[in-house]
Each structure stands twice: as C-alpha cells, then as structure tokens.
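# Breakdown of the fold
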Amino acid sequence: MNKPLHNKVAIVTGASRGIGAEIARTLGGAGANVVVNYAKDREAAEAVCTAIQQAGAEAIAIKADVSNSAEVCRLFDAAIERFQRLDILVNNAGVLLSRKMSDISDDEFDRVLDVNVKGVFYALREAAVRLEDGGRVVNLSSTVTRLMLPNYGAYAASKGAVEQLTRVFAREVGDRGITANIVSPGPVNSEMFTAGKSEETIRRMAAISFLGRVGEPEDIAGVVLFLVSEESRWVTGQNISASGGAA
Ligand code: NDP
C-alpha cells in the first residue's frame, strides 16, 4: 500500500537535530523523499538520512546556511536536480537569543533576524516558483509571539515576522492550491530549549502546559505531518499552537 506522501519531495531546513530532524524522519516515514538541510553538523544530517532510507524513502543531506540567499538557491537546485520536483517546504531552521534588549548587540540582533527572518524569506522566494501546484509550506514560529516573555524581544520579533510572511505567502500562492501555515511550539525538549537551563527552570516551563510537561519533537512533527497532508487542503494562512495548551 502506498504511504500518504509517496512520490512527494520535501525540503526540511535545519534538520540535523531537534525538531527539524524529527520532522524529516516523520515525513520520510510517511513516504516522502526528503532533503535534509543543515548548517554545520554533516554527520548528524547523514544519520537522519540513513533513518529515512531505512524507512524506505530517499534522502540527501545538503549543507546550506539559510541566511545566505545564494546557498538557499543552491539548496533548492540540489533538491530538484536529485528528485526532479518539490512538493513540501518546512522552514524549521532557527536560532534563539534569550537576553534583555538592553544587553543585545547590533551583531546579535542581526544574526537572529538573518537566520530566522531572511532565511525564511529566501526559502519562500524560491518555493513560490519551484513548488508544484498543490504544494505545502509549514513555517516554525513560537508561542513567544503570544506570551510576551521578557528576554525574548529579538527572537519574538523574528518569529512575528515569520508569521506575517507566511500569511501573505499563503495569499500569493493560494490560486495554485498551495497552502502555507505556521506551527508555533511551546517549549520543546531540544538543544535549543535545554542549553544553559537549570532543571528547575525546565520544570517551571513544563508547568505552563496544561499537560504538565515540555513538548517532544514528535509532538511537533505530527502537527507538521497533518499540515503537509492531503487532509489539510482547506487549511491555509493559519497559526497552529502546538504547546500543550500553554498559548
Ligand atoms: P535546535 O537548535 O535544536 O536545532 C536547530 C537546527 O537548525 C539544527 O539542525 C541546525 O543545524 C539548524 N540551523 C541553525 N542555524 C542554521 C542556518 N543558519 N542554516 C541552516 N540550518 C541552521 O532547534 P529546535 O529543534 O529546538 O528548533 C527548531 C525550530 O523550532 C526553530 O525554528 C525554533 O525557533 C522553533 N522553536 C523551538 C522551540 C523549542 O523549545 N525547542 C519552541 C518554539 C519554536 P546545524 O546543527 O547543522 O548547524
């Protein structure tokens, strides 16, 4: 029996670890051929490809810093050269900066916006002309755009921009049956979330969810799987909170 994403081709940015790696494995498990993008960790990206291949789909690891438009263009070239089509884009790559605005340098602010906003814009620009009709785009935001947490000014600004880019993109490509949606996770057990946090802080953040725990990458990947499926064809321009009810 064919899997639901059989013959579909997906690019997942920032898929060498964490949420992106789980999204890539989940789409591969559903039958999609996956382009596993990474910035630094080739070995980890190759391991994600191996897992996808073991599940019976094809996968290639492509290095590209999403904040560099030429590298993003090459990422799309590589995907189409290898698989001859593109159906799904998941803009997952992102960086976190958790610091009071008074202490953020120009370079730090630029880096967050370069990766989180320009990276998404560059990929959407390519996707607009390279996605097949009926394609799917999912962009990762965060519940910080709703929670107004101190220390997350630059990061929340970047994710707010991602949300607006997504909504306008959804309008611009809707006449081709392409949908574009946002998934906004709350705290998720990944390197981005756990790095530098005490167990007490993690416990406190777990408590904000109705379910009393932080999310796991699998919790987010399942939502993305729905949004790239045929069943979600009437859902576009939406922001789905995947946070155990936290926001
Ligand atoms: P991680 O830091 O664990 O993983 C980030 C991934 O992005 C890595 O694969 C990394 O690749 C890649 N990456 C980083 N910079 C770039 C770049 N410039 N170009 C290409 N790839 C890059 O993050 P998470 O898995 O936790 O987060 C994934 C997404 O979910 C992000 O957009 C994040 O903002 C969002 N999110 C996460 C939450 C959380 O609590 N974890 C909560 C809400 C949203 P490499 O290692 O090869 O450099």
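Residues numbered from 1 in each chain as written. Predicted model: local features only at pLDDT ≥ 70, side-chain atom pairs only at ≥ 80, totals over all residues. Heavy atoms only, no water.

This part is about the overall build of the protein chain. On a plain count of helices and strands, the protein chain comes out with nine helices and seven strands. Taken against the 2.2 N^0.38 rule, which gives 18 Å for 247 residues, the C-alpha radius of gyration of the protein chain at 17 Å falls within 12% of a compact globule. Along the longest, intermediate and shortest principal axes, the C-alpha atoms of the protein chain span 50 × 40 × 35 Å. Restricting to contacts in the protein chain with at least 6 residues of sequence separation, those with at least 24 account for 74%. When the accessible area of the protein chain is evaluated, it comes to approximately 11,800 Å², of which 51% is carbon and sulfur surface. Of the charged side chains in the protein chain, 27 are positive and 30 negative; the average position of the first set lies 2 Å away from that of the second. (Helix = DSSP H or I, 4+ residues; strand = E, 2+ residues; numbered from the N terminus. Rg over C-alpha atoms; globule rule 2.2 N^0.38 Å. Contact = heavy atoms within 4.5 Å. Areas by Shrake-Rupley, 256 points an atom, 1.4 Å probe, with all protein chains shown as cover. Lys, Arg positive; Asp, Glu negative; His and termini not counted. Charge placed at Lys NZ, Arg CZ, Asp CG, Glu CD.)

Once that is clear, we can look at the UniProt feature "domain: Ketoreductase" (unreviewed entry) in the protein chain. Using the residue numbers shown here, the UniProt feature "domain: Ketoreductase" (unreviewed entry) corresponds to residues 8–191. Segment residues 8–191 splits into 49% helix and 17% strand. End C-alpha atoms: 29 Å apart. (UniProt positions renumbered as here; feature names shortened; annotations may be inferred.)

This part takes up the sheet that holds strand β5 (residues 136–140). Pairing is parallel in the open sheet, where seven strands are placed in the order β3-β2-β1-β4-β5-β6-β7. For this open sheet the edge positions go to β3 (59–63) and β7 (239–242), each flanked by a neighbour on one side alone. Neighbour to neighbour, the strand axes of the sheet diverge by 20° on average, direction disregarded. As judged from the four bridges shared by strand β4 (residues 88–91) and β5, these two strands associate in the parallel manner. In the sheet register, Leu89 faces β5, and the bridge partner there is Val137. Sitting on the sheet, helix α2 (residues 42–54) touches β2 (33–38) and β3, and the angle it makes with β3 is about 165°. Across the sheet, helix α6 (residues 153–173) is in contact with β5, β6 (179–185) and β7; its angle to β6 comes to roughly 160°. (Pairing = 2+ DSSP bridges. Axes fitted to C-alpha atoms, helices over the stretch in contact; angles between N-to-C directions.)

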